[in-house]
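Next come the chains, spelled out residue by residue.
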Amino acid sequence: MKKFCIIVLALLTYLPFDAQEINRLSYEDFMDIVLRHHPLAMQARLEPQEAEATLRLARGGFDPLVSASLQQKYFDDTEYYRLIDAGLKVPTWYGLELSGGYEQNQGQYLNPEANTPENGLVHAGIGVALGQGLLIDKRRAQLRKAELYLDLNQVEQTLMLNDLLLEAGMSYWIWFERTLDLRVFEEALDAAQVRFDAVKESARLGAVPSIDTLEAGIQVQARLLSVQQARLDLLNARAQVSGFLWASGLVPLELDVNTLPQELGETLVDAPPADLRLRLGELLAQHPMLRGYGYKLEALEIDRRWMAEQLKPRLDLKYNVLTERVGNTETETFNTENYTWGFDFEFPLFIREARGRLRLAELDIQGTDLDRADRQQMLQVKARQSINSWETTLEQFRLYSRTVQDYAGLLAGERQLFESGESSLFLVNRRELGYISAQIKRNEILTKNRMASLKTEYQLGILSTNFIESP
């Protein structure tokens, strides 16, 4: 946390370049800030909370239900009726519904079927669906889907963080490359300016033709133009990076000119693990996107089972035993002959609606399964491409590092020849252009290597996981 605070202060403080010490923002620290404080990262952390709320909502379908009702009618000093009904219903996972209650009804104009003993009537019973809803019903289907939704939201959280960190990481390495490029062009401008001043002095003394000052001046102008373009590219890259930097409380941060990316020497250029290709299938099987398709298919299968269940007729059976209320008077012995029962039956003759819904559910499963197969193949292809780029850029970086050294040797030799009068500005400028181009190309390859590593982790779905699990 102390390290993070130092970085934040560096980002927020602006002083002239020569009056403040340079601050370095490493790749790991940058990604950590993004992961902790970026609004999209915070939004991703809300996904599991939303899923938990949805699960709680589905579990509410199995909450016991307490009910009470009182109805009275008085007219012309006569109590027509007074109806008291209180009860408790307890739904269960297996499609059974337990119930119990108490009734007490009285009045001069009471419906005969509503008559109860003076102390009221206690009832307890059970309801069961013997047809549609026996194996699965809407309530059980919603609860099981809500449980899957919790797993699915965790997967979607990982995918959101992966997308965010990929964009943030790419912007960092572009900022890194633009910083290195500007350094190359500034060094080239300094060399051209020193040489221009030396040529001017030599021309004043008559050691070289005056036209050489014109050529040296053109070189300075060309290098200055390159520096200005590099500074513009760096400003744009810095603005892009700043868009990913936030502090606690949704406070946006902005990089100042004294905050630079990590040094070239601190940047590791490497190849993918040797066994990565062998483990590619295993790693992709755990990819959050493919795991998400698995959860979606399970949810669709639950829908299909519920649609298939609706092909059955609806047959609901209810049975309640009755006994007088336990009060101050002596209660009767429990009698199994006191009960109410009944059933409800319903069945559409053509069941076209149920068959249509079942077919749509089956098509949804087939379409999702095909989509999963396509995404799996796409992920495998892109992962292999990223690994290929990761391996190739390492070899290219090693090659161009030697090329830069060779160009540096050629330039040093040409400068010595020029100083001894055995070379020309044209040849020196040509050597410098080769040296500049080699350095820019090396910076580009280095950035591609780091981006290839980033993209490989992204394609494998482990980008955010690596940063979350890292100490």
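This structure is a prediction, so every number in the text was calculated from the model and none was measured.

A. A look at the overall build of the protein. Scanning the protein from terminus to terminus reveals 11 helices and 10 strands. Relative to the 2.2 N^0.38 estimate, which gives 23 Å for 471 residues, the radius of gyration of the protein is 39 Å and therefore markedly larger than a compact globule would have. Taken along its principal axes, the extent of the C-alpha atoms in the protein is 135 × 50 × 35 Å. Relative to its 471 residues, the protein shows a buried fraction of 38%.

B. Focus on empty space enclosed by the protein. The full count for this structure, using the stated rule, is one cavity of 30 Å³ or more. Taken as a whole, the largest cavity holds about 30 Å³ of empty space. Top contributing element to the lining of the largest cavity by residue count: helix α5 (residues 138-205), with four residues. Its residues placed into classes, the lining of the largest cavity shows four nonpolar, two polar and three charged.

C. Highlighting helix α2 (residues 27-37). Of all 11 residues that make up α2, eight are buried, and the element is covered over most of its length. Every buried residue belonging to α2 is among Tyr 27, Asp 29, Phe 30, Met 31, Ile 33, Val 34, Leu 35 and His 37, and all of these are buried.

D. Focus on the pattern of salt bridges. Under the criterion given, the structure shown has 27 salt bridges. A salt bridge links Arg 178 to Glu 177; the shortest N-O distance between them is 3.7 Å. A residue is classified by how much of its surface remains accessible, and Arg 178, at 26% relative accessible area, is partly exposed. Overall, Glu 177 belongs to the buried group, its relative accessible area being 11%. Arg 450 is the salt-bridge partner of Asp 270, the closest N and O atoms lying 2.5 Å from each other. In this pair, Asp 270 is assigned in the loop between β8 (259-261) and α7 (280-285) and Arg 450 in helix α10 (residues 425-459), connecting sequence segments 180 residues apart. With relative accessibility at 10%, the residue Arg 450 sits in the buried group. Among the charged side chains, a salt-bridge network with shared partners connects Arg 195, Arg 223, Arg 415 and Glu 432.

E. A look at the packing of aromatic side chains. Within this structure, the stated rule accounts for 11 aromatic pairs. Here the aromatic residues Tyr 27, Phe 30, Tyr 172, Trp 173, Trp 175 and Phe 176 are joined through ring pairs into a cluster of three or more. The aromatic ring of Phe 62 is capped on one face by Arg 139, whose charged end is 5.3 Å from the ring centroid. Against the face of Tyr 293 rests Lys 296, its NZ or CZ located 5.2 Å from the ring centre.

F. Fine view of the pairing of strand β3 (residues 78-91). Summarising the sheet, strand β2 (residues 65-75) and β3 pair through 11 bridges and their orientation is antiparallel. Looking at β3, one finds that Ser 67 is bridged to Gly 87. Between β2 and the antiparallel strand that follows it, β3, lie two residues; Asp 76 among them carries a positive phi value of about 55 degrees. Two elements, β3 and strand β4 (residues 96-106), share 10 bridges in a ladder whose sense is antiparallel. Within β4, the residue paired with Val 90 across the bridge is Leu 98.

G. Expanded view of the confidence of the model for the protein. Here the protein shows a mean pLDDT of 87. Residues at 70 or above account for 93%. The spread of mean pLDDT over the elements of the protein runs between helix α1 (residues 2-12), the lowest at 38, and helix α8 (residues 288-309), the highest at 94. Across residues 1-19, where pLDDT falls below 50, the model places 30 contacts with residues more than four positions away in sequence or in other chains.

H. A look at the nonpolar core. Among the nonpolar cores identified, the biggest contains 50 residues, and Phe 30, Met 31 and Trp 175 are the most heavily contacted of them. Those elements that provide at least two residues to this core are α2, α3 (39-44), α5, α6 (211-242), α9 (352-419), α10 and α11 (463-469). Of all the elements, α5 adds the most residues to this core, at 18 residues. Setting aside its immediate chain neighbours within four residues, Trp 175 contacts Leu 25, Leu 234, Ala 237, Arg 238, Val 241, Leu 255, Thr 259, Leu 260 and Pro 261. Membership of the second largest hydrophobic core comes to 12 residues, among which are Ala 141, Val 155, Trp 306 and Met 307.

Rules and cut-offs
- Residues numbered from 1 in each chain as written.
- Predicted model: local features only at pLDDT ≥ 70, side-chain atom pairs only at ≥ 80, totals over all residues.
- Heavy atoms only, no water.
- Helix = DSSP H or I, 4+ residues; strand = E, 2+ residues; numbered from the N terminus.
- Rg over C-alpha atoms; globule rule 2.2 N^0.38 Å.
- Buried < 20%, exposed > 50% of the residue type's maximum accessible area, 1.4 Å probe, protein only.
- 1 Å grid on protein atoms, 1.4 Å probe; cavity = no way out; pocket = protein on both sides within 12 Å on 5 of 7 lines; lining within 4 Å.
- Points joined across faces, edges and corners; volume = space filled by probe spheres on them.
- Nonpolar A, V, L, I, M, F, W, Y, C, P; charged D, E, K, R; others polar.
- Salt bridge = Lys/Arg side-chain N within 4 Å of Asp/Glu carboxyl O.
- Phe/Tyr/Trp six-rings, centres within 6.5 Å; stacked < 30°, edge-to-face > 60°.
- Lys NZ or Arg CZ within 6 Å of the ring centre and 35° of its normal.
- Pairing = 2+ DSSP bridges.
- pLDDT = per-residue confidence, 0-100.
- Contact = heavy atoms within 4.5 Å.
- Core = buried A, V, L, I, M, F, W, Y, C linked by side-chain atoms within 4.5 Å.

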